[in-house]
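Close look at the chain arrangement
Here is how the chains run, residue by residue.
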Amino acid sequence: MKLLKPNKFVNHFSELTAEFLLANKFTLLVCDIDNTLVAHDEKLPSLEAKKYIDSLLQKQIKVVFMSNNYEERVKTFSEVFNLPYIAFAKKPLKKSYKKLLEKYPNENIICLGDQIMTDVIGGNRMHFYTVKTKPLFEKDLFSTKINRKIEKLLQKYWEE
Ligand SMILES: [Mg+2]
């Protein structure tokens, strides 16, 4: 059960502020895209998402986008910021996180995502600090719907 539980819950990405990251000495944010920053069919960052990522970069916090979505989607989104990304990440498998660690061996990493089954478990398996945000939109893929049901059950379990 420990693997399933994020270190922190937020209702919206903007709650995970640069100030929080700095105060807790996090230097690199591994950030999911779909339903975390924008809807999964939204090609480009919203103004709000853009402002948020820029607010982190301004404070010298590094950001890497990590998504299970396909190359073109993740690339198009990340290029707006000229930031590195990992597409087809296959979260929660460790492979992509290990690749990230090879490139950034000395960072204190924090992970942000909307799904327990991918973002949270993946980060937890690597012993990174994990933050779960409420998904921006509920309309989603079938597999995601199943994950959400499981998440709701877990949430109840943790609250009891
Ligand atoms: Mg997502």
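This text goes with the structure placed above it.
Residues numbered from 1 in each chain as written. Predicted model: local features only at pLDDT ≥ 70, side-chain atom pairs only at ≥ 80, totals over all residues. Heavy atoms only, no water.

1. Here's the deal with the coordination of the magnesium ion
The test is simple: Only N, O and S atoms count as donors, using a 2.8 Å cut-off from the metal and 3.2 Å for Na, K and Ca, and because water is excluded some sites may appear unfinished.
Looking at the metal site, the magnesium ion is ligated by D32 (OD), D34 (O) and D114 (OD), spaced 2.1 to 2.2 Å from it. For the magnesium ion, the donor residues sit on a single chain with the sequence spacing D-x1-D-x79-D.

2. A short note on helix α3 (residues 71–79)
Heads up, the rule is: Each residue is placed in one exposure class: buried if its accessible area under a 1.4 Å probe, protein chains only, is under 20% of its type's maximum, exposed if it is over 50%, and partly exposed if it falls in between. The way it works is that DSSP assigns letters per residue, a run of H or I at least four long becomes a helix, a run of E at least two long becomes a strand, and they are numbered from the N terminus. The reported arc concerns the directions from the helix axis to the C-beta atoms and nothing else. Residues count as neighbours in contact if any of their non-hydrogen atoms are within 4.5 Å of one another.
For α3, the set of buried residues is R73, V74, F77 and S78. When α3 is viewed along its axis, its buried side chains cluster within an angular range of 115 degrees and face the same direction. Its buried side turned inward, α3 meets β3 (62–66) and β4 (85–86).

3. Focus on helix α4 (residues 95–103)
Along α4, the positions that sit buried rather than exposed are S96, Y97 and L100. Projected down its long axis, α4 shows its buried positions confined to an angular sector of 100 degrees, all on one face. For α4, the exposed residues lying more than 90 degrees away from the buried face are K95, K99 and E102.

4. A few points about the nonpolar core
Our working rule: Nonpolar cores were defined as sets of buried Ala, Val, Leu, Ile, Met, Phe, Trp, Tyr and Cys residues, with membership established by side-chain atoms within 4.5 Å.
Ranked by size, the top nonpolar core spans 26 residues in total, and within it L37, Y52, F65 and L112 carry the most contacts. Listing elements by their share of this core, those giving two or more residues are α1 (18–23), β2 (28–31), α2 (47–58), β3, α3 and β5 (109–113). Among all residues touching L112, those that are not within four sequence positions of it are V10, F13, L16, L29, V30, C31, D32, T36, Y52, V131 and T133. Grouped together as the second largest cluster of nonpolar side chains are 13 residues, A89, Y104, M126 and F128 included.

None of this, on its own, says anything about what the molecule does.
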